[in-house]
Amino acid sequence: MRPRQISDEILLDSVLAAFADDGYDGASMRQVCRRLDFSHNLLNKRYGTKESLWYAAVDHGLRSMLDQLAAGILEAGDDPLDQLRGAMLRFVAVTRANPSLVRILHQESAHRGPRYEYLLNRYVTPINEVGLRSIKQLQGDGRVRPGPVTTVFFHLVTYGLGVMSSHPESLSAFGDANADPDEAAKLGVEMVLDGIRVHAAQ
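Just so it is clear, the model here is predicted, and its values are computed rather than measured. (Residues numbered from 1 in each chain as written. Predicted model: local features only at pLDDT ≥ 70, side-chain atom pairs only at ≥ 80, totals over all residues. Heavy atoms only, no water.)

### Thoughts on the overall build of the protein chain
(1) Moving on: Tallying secondary structure elements over the protein chain gives 10 helices and zero strands in all.
(2) Moving on: Helices (α) and strands (β) of the protein chain occur, in sequence order from the N terminus, as α-α-α-α-α-α-α-α-α-α.
(3) Moving on: In terms of overall dimensions, the protein chain has a C-alpha envelope of 70 × 40 × 30 Å along the principal axes.
(4) Moving on: Counting only contacts in the protein chain whose residues sit at least 6 apart along the sequence, the fraction spanning at least 24 positions is 70%.
(5) Moving on: Element-wise, carbon and sulfur atoms account for 53% of the exposed surface of the protein chain, whose accessible area totals about 11000 Å². (Helix = DSSP H or I, 4+ residues; strand = E, 2+ residues; numbered from the N terminus. Contact = heavy atoms within 4.5 Å. Areas by Shrake-Rupley, 256 points an atom, 1.4 Å probe, with all protein chains shown as cover.)

Below is the structure:
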């Protein structure tokens, strides 16, 4: 194993993929190093334990996602429905570019523990609170259905669009083999928004 220079960004993206593929318990430090062709001693010096490496990797990936979601909302303007759309489109783009993020969220939600609580409190809840404010405002204006729309919305986004973007191969397995992933994702965003909106009587 040869020592080599590698940026934290590239390294942590690769580490995320290793944890997404093998799970936290299945990915040892030595396996991660072999996968990355990276010195085990250098990885230990840089990050210490496997636990520290996991936290560094998810912080790197999810902070980037939060930044992208905030940018999508900011660019969408003042309308809360447009803000939801902008955030959803950014979410799909980020998870398509780095599918490990949603896969790790799904893994940890199936094994509730300190890592899941960390993800929930530091990332999932703040993301949901942004959407909750927009949805509550839209409900107050009569533009979105009444009831527990937020629960349904985030389920559809995380477990629907999230799976679509993090497992693009599923498009051919469950639908049109020739579907363009970008177009399918955009259509999915509009279908979710159409589903929660109140439509004027024809």
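Let's pick the thread back up.
### Examining the environment of His60
(1) Moving on: Following the sequence through the fold, His60 ends up in helix α4 (residues 50-76).
(2) Moving on: Sequence separation between His60 and Leu120 is 60 residues; the distance between their C-alpha atoms is 16 Å.

So far we have only geometry, and geometry alone does not tell us how the molecule works.
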